[in-house]
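Topology and contacts: notes
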Amino acid sequence: MFLERSINQADGIGWIEVICGSMFSGKTEELIRRVKRAKLAKQKIKIFKPKKDLRYDKKKVTSHDKNSIKSKPVSKPSKILKLSENFEVIGIDEAQFFDDSIVGVCNELANSGKRVIVAGLDMDYKGNPFGPMPNLMAIAEYVTKVHAVCSKSGKMASYTNRIVANEELILLGDTKKYQALSRKEFIKSNTLKKT
Ligand code: ADP
Ligand code: MG
């Protein structure tokens, strides 16, 4: 589906791909897979992530399967624009943590001929759309929703459930704090939390 050297790009115009889903759904793995293929096609690639998320490594984007690739942590989206000049393919992980200016930045990058691959959580732990993700999905040429395995039923999971009691919207964590759940199990567990 994604041609590493597309004819579109020859016009000096790029495009935006969004990879979204719950925690553990393989967003980072998919981002790494696409970027590695671009590397094989000898394209100049650069990956960014928000400075907020230094869970595994300061300088790498890392999947839950310990797949990793070098990345640059940035404090705000405008930095991505400045640092992308000499690259053809731009990867952005954990995009939900950036403010809304990430939307304009991605558009500007694509308009200037770059392939932009953005990964992020589509919903927060309450099941609400997360930060700039809905807008990014709207402006993207391609949107891929990946799914995790429900840790209760083994079925398809598209929700991220917080296991620990904390009401902050952003609480970085892993399997100790979050689990992937199907819609049915997510409803059950939220009903239990309220009782
Ligand atoms: P994301 O970036 O969407 O959080 P990752 O790409 O980091 O996801 O991790 C995906 C990997 O997480 C899978 O390949 C698998 O090894 C692991 N994993 C752990 N728990 C689950 C789960 N409940 N469902 C699917 N994969 C899981
Ligand atoms: Mg990830």
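Our structure is the block above this text.
Numbering of residues starts from 1 in each chain and follows the order in which that chain's sequence is written. Here the convention is simple: chains get letters from A, ligands get numbers from 1, in the order in which they are written. At least 70 in pLDDT is required for a residue's local features to be given in this predicted model, at least 80 for side-chain atom pairs to be given and counted, and no such filter applies to totals for whole chains, interfaces and linings, which use all residues. As a convention, hydrogens and water are excluded, and side-chain values are obtained from all of the structure's heavy atoms.

Our focus in this paragraph is the side chain of Ser71. Secondary structure is summarised from DSSP: a helix means a run of H or I of at least four residues, a strand means a run of E of at least two, and numbering begins at the N terminus for each. Residue position: Ser71 is located in the loop between strand 4 (68-70) and strand 5 (72-74). Residue contacts for Ser71: discarding those within four places in its chain leaves Ile47, Lys49, Lys59, Lys60 and Val61. Contacts: residue pairs with any heavy atoms within 4.5 Å of one another.

Quick look at the nonpolar core now. In terms of nonpolar packing, the biggest core is built from 21 residues, with Ile80, Ile92, Val118 and Leu136 touching the most fellow members. Every element with two or more residues in this core is listed here: strand 1 (15-21), strand 6 (89-92), helix 4 (101-111), strand 7 (115-121) and helix 5 (133-139). The biggest single contributor to this core is helix 4, with six residues. In this view, Ile80 contacts Phe48, Val74, Ile90, Ile92, Phe98, Ile102, Val105 and Leu109; residues no more than four positions away in its chain are not counted. Residue types Ala, Val, Leu, Ile, Met, Phe, Trp, Tyr and Cys, when buried and joined through side-chain atoms within 4.5 Å, form a set referred to as a nonpolar core. Summary of the burial criterion: residues with accessible area below 20% of their type's maximum are buried, those above 50% are exposed, and those between are partly exposed, where the area comes from a 1.4 Å probe applied to protein chains only. By size, the runner-up hydrophobic cluster in this structure holds 13 residues, among which are Leu31, Val35, Ile117 and Ala119.

Burial along strand 12 (residues 178-181) is two-sided: Tyr178 and Ala180 and Gln179 and Leu181, pointing in opposite directions, are all buried. Strand pairing requires that DSSP identify at least two bridges connecting the strands. In this sheet, strand 12 lies alongside strand 11 (residues 159-162) in antiparallel orientation, the contact comprising four bridges. The residue bridging Thr160 from the neighbouring strand is Ala180, located in strand 12.

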